[in-house]
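Coordinates in review
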Amino acid sequence: MEFIKTYTAKDEHIDFQNIMDGLYYPFYMEWCRHDYIKEVLGFNFEEEARNGVNMVLSKYTLQFVRSLKKGDEFQVTCQLLLDKSNKTVLHFKQTIMLNNKVVTKAVFSGTCVKAGGGRPFLPENLLQKLTGAPEWDGEL
């Protein structure tokens, strides 16, 4: 299932070239991804952290295709993908789209860890929501 949120490029994110600074693209993706994780997967970051479970990123790959400009209204997508070989890793394939054209595409990978340390894992309440999710093919 693809999850979509709409945003507008904030003035303070625009650099001297009149395009969005590359630093901010992952932030918009994070906002969308966190909403997806909370709204669709039912994982509340704050509540889980109070219970000693932290969801963390382990890596991400991002490719810029076009630039956003001041005032652009764009969509950010998020799709959950499972890892083929590591059952404790989740991948979130994301794009930023402007006028139905890809601006940026990325895959963010993460897992959960106990606040006190230990091996990566996925909590049972999250595992129940993953049934039937497609596997990541390694492509952006």
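These remarks concern the structure in this document. (Residues numbered from 1 in each chain as written. Predicted model: local features only at pLDDT ≥ 70, side-chain atom pairs only at ≥ 80, totals over all residues. Heavy atoms only, no water.)

1. Things to note about the side chain of His91
Heads up, the rule is: Think of it this way: any DSSP run of H or I at least four residues long counts as a helix, any run of E at least two long counts as a strand, and we number them from the N terminus. Throughout this description, buried means an accessible area under 20% of the type-specific maximum (1.4 Å probe, protein chains only), exposed means over 50%, and partly exposed covers the range between. In protein, a polar contact means a hydrogen-donor-capable atom and an acceptor-capable atom, both N or O and within 3.5 Å, with residues adjacent in sequence counting only if both atoms are side-chain atoms; elsewhere, any N or O pair within 3.5 Å suffices. Throughout, a contact is declared for two residues whenever any of their heavy atoms are within 4.5 Å.
Mapping His91 onto the fold places it in strand β4 (residues 90-98). Residue His91 is classed as buried on the basis of its relative accessible area, which comes to 2%. Side-chain polar atoms of His91 contact the side chain of Asp83, separated by 2.6 Å. A polar contact of 2.6 Å, which involves the side chain of His91, links it to the side chain of Ser109. Ignoring anything within four residues of it in the chain, the contact list for His91 reads Gln79, Leu80, Leu81, Leu82, Asp83, Val107, Phe108, Ser109 and Trp136.

2. Remarks on the sheet that holds strand β1 (residues 2-8)
Let me state the cut-off plainly: A pair of strands is considered paired only if DSSP assigns at least 2 bridges between the two. For helices, the axis comes from a line fit to the C-alpha atoms of the stretch in contact; other axes are also lines fit to C-alpha atoms, and the angle between any two N-to-C directions lies between 0 and 180 degrees.
Reading across the sheet, the five strands line up as β1-β3-β4-β5-β2 and stay open at both edges, with antiparallel pairing between neighbours. Looking along the sheet, the strands with just one partner apiece sit at the ends: β1 and β2 (53-64). Between one strand and the next, the sheet's axes are offset by a mean angle of 25°, whatever the strand orientation. Sheet topology places strand β3 (residues 73-82) next to β4; eight bridges connect them, and they run antiparallel. By the bridge assignment, Leu80 is partnered in β4 with Phe92. Packed on one face of the sheet, helix α1 (residues 25-39) meets β1, β2, β3, β4 and β5 (101-114) and runs near 135° to β1.

3. As for the pattern of salt bridges
Defined as follows: We count a salt bridge whenever a side-chain nitrogen from Lys or Arg sits within 4 Å of a carboxyl oxygen from Asp or Glu.
According to the stated counting rule, one finds two salt bridges in the structure shown. The shortest N-O distance in the salt bridge between Glu39 and Lys5 comes to 3.4 Å. Here Glu39 is found in helix α1, whereas its partner Lys5 is found in strand β1, with 34 residues between them in sequence. Judged by its relative accessible area of 51%, Glu39 is exposed. A single salt-bridge network, built from bridges that share partners, covers Lys5, Asp35 and Glu39.

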